[in-house]
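Survey of secondary and tertiary structure
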Amino acid sequence: MKSKPTRAEIVIMAAGAAGLIFSLFAFYSAPVGDLSVNAWDTGLFPIATYPALAGVLSGGVVALRRFAGLHFSATVGGFTWLQIHLLLAIFAGLVMGGYLIANKSGADFGIGFWGMLVATGALIAGAVMLKNEWPYVKPRRG
């Protein structure tokens, strides 16, 4: 199915790439000194990496479908691809929301956290946008 990606698919692919890139930047930084940790460092791994991995998985499936012409089954474990994209996005949002309200023990959020939070928001928006786009919506009969 090599074809031009839809707007929602572009948003999902960009959000997945941005989430992965920002996971390599400072997630937390200490207010004093130059100490910072990214999402892949000990103490945050693996929980802080889940939003980045959810975005990479969702964006990767879209990219493989559009650019490599791979055909995936209509459902996986009883879930449609639309449902899987929505579940991955909501899961990423819950994890990032948890970090947003958690006790940081005096640390500040770094650019990596804020970038991942925005990427997660874009992932959610892209997954919701998919709901109205063609290959994910079955035509109505009658």
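See the structure above.
The structure contained in this document is the topic of the report that follows. (Residues numbered from 1 in each chain as written. Predicted model: local features only at pLDDT ≥ 70, side-chain atom pairs only at ≥ 80, totals over all residues. Heavy atoms only, no water.)

**A word on the sheet that holds strand β2 (residues 36–37)**
Pairing within the open sheet is antiparallel, and its 3 strands lie in the order β2-β1-β5. One side of each edge strand has no neighbouring strand; the edge strands of this open sheet are β2 and β5 (108–109). Both strand β1 (residues 28–29) and β5 contribute to a ladder of 2 bridges, which runs antiparallel. Residue S29 lies in a different strand from β5, and its bridge partner there is D108. (Pairing = 2+ DSSP bridges. Helix = DSSP H or I, 4+ residues; strand = E, 2+ residues; numbered from the N terminus.)

**Some details on helix α1 (residues 7–22)**
For α1, which comprises 16 residues, the first-to-last C-alpha distance of 22 Å matches the rise-based estimate of 22 Å (1.5 Å per residue) to within 8%. Regarding α1, the residues found buried are A8, E9, I12, M13, A15, G16 and G19. Considered in projection along α1, the buried side chains sweep an arc of 160° and stay on one side of the axis. (Expected span 1.5 Å × (residues − 1). Buried < 20%, exposed > 50% of the residue type's maximum accessible area, 1.4 Å probe, protein only. Arc of directions from axis to C-beta.)

**Digging into the pattern of salt bridges**
Side chains that differ in sign of charge can pair as their charged atoms come close. Per the counting criterion, the structure on display carries 1 salt bridge. A salt bridge links E9 to R66; the shortest N-O distance between them is 2.7 Å. Of this pair, E9 sits in helix α1 while R66 sits in helix α2 (residues 50–67), placing them 57 residues apart in sequence. For E9, a relative accessible area of 0% puts it in the buried group. In this structure R66 comes out as buried when scored by relative accessible area, which is 3%. (Salt bridge = Lys/Arg side-chain N within 4 Å of Asp/Glu carboxyl O.)

**Regarding the packing of α2 against helix α4 (residues 111–130)**
Where α2 contacts α4, the axes come no closer than 10 Å and their chain directions differ by 40°. Here α4 runs oblique to α2, going by the angle between their axes. Crossing handedness for the pair α2 and α4: left-handed. Residues P51, A52, A54, G55 and S58 of α2 lie in contact with α4, whose contacting residues are M116, T120 and L123. Here the residues of the contact of α2 with α4 are counted per class, giving 5 nonpolar, 3 polar and no charged. (Axes fitted to C-alpha atoms, helices over the stretch in contact; angles between N-to-C directions. Parallel < 35°, antiparallel > 145°, perpendicular 65-115°, else oblique. Left-handed = near helix turned anticlockwise from the far one by under 90°. Contact = heavy atoms within 4.5 Å. Nonpolar A, V, L, I, M, F, W, Y, C, P; charged D, E, K, R; others polar.)

**Regarding empty space enclosed by the protein**
Under the counting rule described, the total for this entry stands at 1 cavity of 30 Å³ or more. As a volume, the largest cavity reaches approximately 50 Å³. Contributing to the lining of the largest cavity are A15, G16, G19, P51, A52, G55, M116, A119, T120 and L123. Looking at the lining of the largest cavity, the elements with two or more residues in it are α1, α2 and α4. Top element by residues in the lining of the largest cavity is α4. It accounts for 4 residues. (1 Å grid on protein atoms, 1.4 Å probe; cavity = no way out; pocket = protein on both sides within 12 Å on 5 of 7 lines; lining within 4 Å. Points joined across faces, edges and corners; volume = space filled by probe spheres on them.)

**What to know about the packing of aromatic side chains**
Using the criterion set out here, one finds 12 aromatic pairs in the structure. Look at Y50 and F91: their rings are 5.9 Å apart centre to centre, the planes differ by 40°, and that puts the pair in the tilted class. Here F91 lies in helix α3 (residues 81–101) and Y50 lies in helix α2, a separation of 41 residues in the sequence. Grouping aromatic residues by their ring pairs yields a cluster made of F27, Y28, Y99, F109, F113 and W114. (Phe/Tyr/Trp six-rings, centres within 6.5 Å; stacked < 30°, edge-to-face > 60°.)

**Observations regarding unusual backbone geometry**
With an omega dihedral of 5°, the bond running from F45 to P46 counts as a cis peptide bond. Relative to the assigned elements, P46 resides in the loop between β2 and α2.

**Quick look at a nonpolar patch on the surface**
On the surface, L20, L24, W40, F45, I47, Y50, L53, V56 and F91 cluster together into a nonpolar patch covering about 780 Å² of accessible area. Here the nonpolar patch takes 3 residues from α2, the largest share from any one element. Note that L24 resides in the loop between α1 and β1. When its relative accessible area of 56% is taken as the criterion, L24 is described as exposed. (Patch = residues over 30% accessible without salt bridge, like charges linked within 9 Å, V, L, I, M, F, W, Y side chains within 5 Å. Areas by Shrake-Rupley, 256 points an atom, 1.4 Å probe, with all protein chains shown as cover.)

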